[in-house]
Amino acid sequence: MDEIKRSVLRSPADVRGFADFEGPLYYAPTGFIDHADDPNTLPLAGSRRGFSALEIIRRREGGGAESMILPLLALEGWVQNSGRVDEINAVLDRLMAKRPDYAGLDMASCHVMGIINVTPDSFSDGGDYNTTEQSVARAMAMIEQGASIIDVGGESTRPGADTVSEDEEINRVVPVIRELASKGHIVSIDTRHAGVMEAAIEAGAAIINDVTGLEGDERSMEVAAASGKPVILMHMQGEPGTMQADPKYDCAVLDIYDYLLDRIESCERAGISRDRICIDPGIGFGKTLSHNLELLSRLAIFHGLGCPILLGTSRKSFIGKIDPKADPKQRLGGSIASAVNGWRHGVQMIRVHDVPETVQAISVASSTSIV
Ligand code: 9MG
């Protein structure tokens, strides 16, 4: 049992049970509503997204966790009983504070990152855009359609994908990055190899996006620190080839929270300050359907780490598990639904194949939510 079970609260004693708990507690904002001047709502990371309750979560012995939802109105009384006044104040500060600009982008808004895979075997756009000219043209169209960042990758991390040498990866991505960066666009390099990071940065990449959280190559941390560039630290359990075999967690959401906190602290020790770090729970990377859904329903917990959050769900296989008829190119509906869910949780960046559809969905969701 590695899920978070919501407790049924029948009496004040049940609520006190959480207050008396002596181990670590985790705090996931919930009850989302646009933050205006409503005193019962607090802003998520300085954005217009707000939360009106906290889900308070504690681990269970033997695996899994249990939680209690506390409306903000009832929080003050509970905090006094729990003796965790300083802890909750610090958590609320981190949940609410506006993040500094990241790669020059305002983090009070939700940005769309367009995916350009310069690989012959990419799982969802394989073969369609695998030359430099086609990749640049496709990226330019994405920028026109509202993408703020273009994520360029030359190695597929899909299970079963062919491996590629570092030189080949560099040959694929560098011409695309050079061309886009020379036009002033913000490009992230999607790689787990330090040599590719160096070549991409030299070509003008502004962000390092590493699915191994800078752990995949022993030089990555040093290269990222020396580059002075912002990084995206993603969580992955295992290796791309085998990660979906039998992923296991004590509690996926809390284990991934602890992992990302640990990686942030390692980065800080290496000289990468928190304002250069974006975190990503890594949907689909060593996770079952239920792990992915638990993460998607508690994304806002990651604001407690004090960094911008990136979400990548576009065309992923968890959508195909919910709708088995849908092959990757038929997963637009699920991709949009999960992107809008990310926006509701206040994530600052969403990595997608379908840029205009996602931009439109987020614009409509923003325009129709309660002010
Ligand atoms: C490269 N890549 C594929 N999926 C991804 C995801 O969900 N997040 C990040 N940061 N990179 C990804």
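Everything that follows concerns the structure shown earlier in this document.
Cut-off values and rules
All residue numbers refer to positions counted from 1 along the written sequence of the respective chain. Two thresholds apply to this predicted model, a pLDDT of at least 70 for residue-level local features and 80 or more for giving and counting side-chain atom pairs, whereas whole-chain, interface and lining totals are computed over all residues. In computing side-chain values, all of the structure's heavy atoms are included and hydrogens and water are not. Here, nonpolar core means buried Ala, Val, Leu, Ile, Met, Phe, Trp, Tyr and Cys residues that are tied together by side-chain atoms lying within 4.5 Å of each other. Working definition: with a 1.4 Å probe on protein chains only, accessible area under 20% of the residue-type maximum means buried, over 50% means exposed, and in between means partly exposed. Secondary structure is summarised from DSSP: a helix means a run of H or I of at least four residues, a strand means a run of E of at least two, and numbering begins at the N terminus for each. Contacts: residue pairs with any heavy atoms within 4.5 Å of one another. One heavy atom within 4 Å of a molecule or strand makes the whole residue count as near it. Between N or O atoms, a polar contact is any pair within 3.5 Å; within protein, one atom must be a potential hydrogen donor and the other a potential acceptor, and residues adjacent in sequence are included only when both atoms are from side chains. Where accessible areas are quoted, they stem from the Shrake-Rupley method and a 1.4 Å probe; at the residue level, only the protein chains shown are allowed to cover. When residues are grouped by polarity, Ala, Val, Leu, Ile, Met, Phe, Trp, Tyr, Cys and Pro land in nonpolar, Asp, Glu, Lys and Arg in charged, and all others, Gly among them, in polar. When a carboxyl oxygen of Asp or Glu is within 4 Å of a side-chain nitrogen of Lys or Arg, the pair counts as a salt bridge. Stacked, tilted and edge-to-face are the three classes applied to pairs of Phe, Tyr and Trp rings, where Trp contributes its six-membered ring and a pair requires centres within 6.5 Å; stacked means planes under 30 degrees apart, edge-to-face means over 60, and tilted covers the rest. Any Lys NZ or Arg CZ found within 6 Å of a ring centre and within 35 degrees of that ring's normal is scored as a charge over the ring. For this text, the term disulfide refers to a pair of cysteine sulfurs within 2.5 Å. Note on pairing: two strands pair once DSSP finds at least 2 bridges between them. Charge counting treats Lys and Arg as positive and Asp and Glu as negative, with His and both chain ends excluded.

**Student:** I would appreciate a short explanation of the nonpolar core in the present structure.
**Tutor:** Among soluble globular proteins, nonpolar side chains are generally buried collectively. Counting residues in hydrophobic clusters, the biggest one holds 72 residues, and the most contacted among them are Val152 and Phe302. The biggest single contributor to this core is helix α8 (residues 252-270), with nine residues. Those residues in contact with Phe302 that sit more than four places away from it in its chain are Val253, Ile256, Tyr257, Leu260, Ile279, Pro281, Leu295 and Ile309. Formed by 19 residues, the second largest nonpolar core is a distinct cluster that contains Ala19, Tyr27, Leu44 and Leu75.

**Student:** Please clarify how the site of the ligand should be interpreted in this entry.
**Tutor:** For the ligand, the full set of nearby residues is Asp190, Asn209, Val211, Ile232, Met234, Asp280, Phe285, Leu310, Gly312, Lys316 and Arg351. A distance of 3.4 Å is found between an oxygen atom of the ligand and a backbone nitrogen or oxygen belonging to Gly312. Between Lys316 and the ligand, the recorded distance is 2.6 Å, taken from a side-chain N or O atom to an oxygen atom. When the ligand sits alone it has 310 Å² of accessible area, and the protein chains cover 95% of it. For the shell around the ligand, the secondary structure elements donating two or more residues are β10 (231-234) and β12 (310-312). Each residue belonging to the shell around the ligand can be placed in one class, and the counts come to five nonpolar, two polar and four charged.

**Student:** What exactly am I supposed to notice about the pattern of salt bridges here?
**Tutor:** Opposite charge on two side chains permits pairing when their charged atoms draw close. A complete count under the given rule lists 25 salt bridges for this structure. The closest approach of N and O atoms between Asp34 and Arg48, which form a salt bridge, is 3.6 Å. With a gap of 14 residues between them, Asp34 in strand β2 (residues 25-34) and Arg48 in the loop between β3 (42-43) and β4 (49-59) connect regions that are remote in the sequence. Take Arg48: its relative accessible area is 44%, and that puts it in the partly exposed class. The salt bridge partner of Asp258 is Arg59, with a shortest N-O separation of 3.0 Å. Of this pair, Asp258 sits in helix α8 while Arg59 sits in strand β4, and the two are 199 residues apart along the sequence. With relative accessibility at 26%, the residue Arg59 sits in the partly exposed group.

**Student:** Please explain the packing of aromatic side chains as it appears in this structure.
**Tutor:** For any pair of aromatic rings, the description rests on two quantities: the centre-to-centre distance and the angle between the ring planes. Within the structure shown, the criterion is met by two aromatic pairs. Among the aromatic residues, those joined into a cluster by ring pairs are Tyr26, Tyr257 and Phe302. Positioned above the aromatic ring of Phe18 is the side chain of Arg58, whose terminal nitrogen or guanidinium carbon lies 4.1 Å from the ring centre.

**Student:** Mind showing me how you'd approach the state of the cysteines here?
**Tutor:** What makes a disulfide is a covalent bond joining the sulfur atoms belonging to two cysteines. For the coordinates displayed, the defined rule picks out zero disulfides. You can see Cys110 has no disulfide; the closest cysteine sulfur is in Cys278, sitting 11 Å from it.

**Student:** Mind showing me how you'd approach the pairing of strand β5 (residues 65-71) here?
**Tutor:** On a regular strand, one side chain projects to one face of the sheet and the next to the other, so that they alternate. Among the seven residues of β5, five are classified as buried, and the element is accordingly described as predominantly covered. The pairing of strand β1 (residues 4-6) with β5 spans three bridges and is parallel. Within β5, the position partnered with Ile4 by the bridge is Ala65. Pairing between β4 and β5: seven bridges, direction antiparallel. Residue pairing across strands places Arg59 opposite Ala65, the latter belonging to β5. In this antiparallel pair of consecutive strands, β4 and β5, the connection spans five residues, and Gly62 shows a positive phi of 90°.

**Student:** Would you explain the side chain of Asp2 in this entry?
**Tutor:** The residue Asp2 is located in the segment before β1 in this model. Put simply, Asp2 is tucked away with no salt bridge, and the nearest opposite charge, on Lys248, sits 7.7 Å away. Among the polar contacts listed, one links the side chain of Asp2 to the side chain of His291, at a separation of 2.7 Å. Apart from the residues lying within four places of it in its own chain, the contact partners of Asp2 are Gly64, Tyr249, Asp250, Cys251, Ala252, His291 and Glu294.

**Student:** Help me out: how do you make sense of the environment of Ala252 in this one?
**Tutor:** Tracing the chain through its elements places Ala252 in helix α8. Assessed through its relative accessible area of 1%, Ala252 is described here as buried. Between the C-alpha atom of Ala252 and that of Asp2, which follows or precedes it by 250 residues, the distance is 6.8 Å. The residues contacting Ala252, other than those within four sequence positions of it, are Asp2 and His291.

**Student:** Could you clarify how one ought to interpret the environment of Asp106 in this entry?
**Tutor:** On the secondary structure map, Asp106 appears in the loop between α3 (85-96) and β6 (111-117). Once the C-alpha coordinates of Asp106 and Gly63 are considered, the two residues, 43 residues apart in sequence, prove to be 39 Å apart. Contact partners of Asp106, with chain neighbours within four places excluded, come to Lys98, Asp101 and His111.

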